[in-house]
Amino acid sequence: MNEKGEGQQLLHIGAVAERTELSLRTLRHYDEIGLVNPSERSEGGFRLYSESDVERILLIRRMKPLDFTLEQMRELLDITHDVAQPDAPIEARQKLQEIEAIAIERRSALEKKVAMADEFLSRLRDLSTPTRQDDTETREA
């Protein structure tokens, strides 16, 4: 369900959960710890998220598979806000580059894990597929 704020469309938590593929519980948790707070609340107290809120949540979701901590996520959100400013501090850009280097390293580690998983699955398939010798032995018995 959508509501109109001042010139912007706001989304209820269910629509945000569906769009971000995160659970309601996770979104509520992010709000409770101050990681991403909804821009507004309805008269009934329901969370209402702006497009900017959703973009912040999507950024967090992209960090999750790389095992960033909640504190690192919070730091990145602050940095992305800082570097979006016209007079962005050089320290913010440097920190963003550090986080990028960490993300690249972690992605590489994930690629290695996926390759190992693919090898494992291939081996399982090889073991579960009867060979010609197995077929011959079965017929002879």
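Residues numbered from 1 in each chain as written. Predicted model: local features only at pLDDT ≥ 70, side-chain atom pairs only at ≥ 80, totals over all residues. Heavy atoms only, no water.

Let's talk about the packing of aromatic side chains
Enumeration over the complete set of coordinates arrives at zero aromatic pairs. Lying across the ring of Phe68, Arg106 places its NZ or CZ 4.6 Å from the centre. (Phe/Tyr/Trp six-rings, centres within 6.5 Å; stacked < 30°, edge-to-face > 60°. Lys NZ or Arg CZ within 6 Å of the ring centre and 35° of its normal.)

Some thoughts on the pattern of salt bridges
All chains considered together, the criterion is met by eight salt bridges. The residue Asp31 makes a salt bridge to Arg41 at a minimum N-O spacing of 2.9 Å. Residue Asp31 is located in helix α2 (residues 24-32), and its partner Arg41 is located in strand β3 (residues 40-41); the two are separated by 10 residues in the primary sequence. For Asp31, a relative accessible area of 10% gives the class buried. Note that Glu98 and Lys95 form a salt bridge whose closest N and O atoms lie 3.3 Å from each other. Placement of the pair is Glu98 and Lys95 together in helix α5 (residues 90-128), with a separation of three residues, close to one helical turn. Three or more residues joined by partner-sharing salt bridges are found here, namely Arg19, Glu51 and Glu55. (Salt bridge = Lys/Arg side-chain N within 4 Å of Asp/Glu carboxyl O. Helix = DSSP H or I, 4+ residues; strand = E, 2+ residues; numbered from the N terminus. Buried < 20%, exposed > 50% of the residue type's maximum accessible area, 1.4 Å probe, protein only.)

The analysis is restricted to geometry; functional conclusions fall outside its scope.
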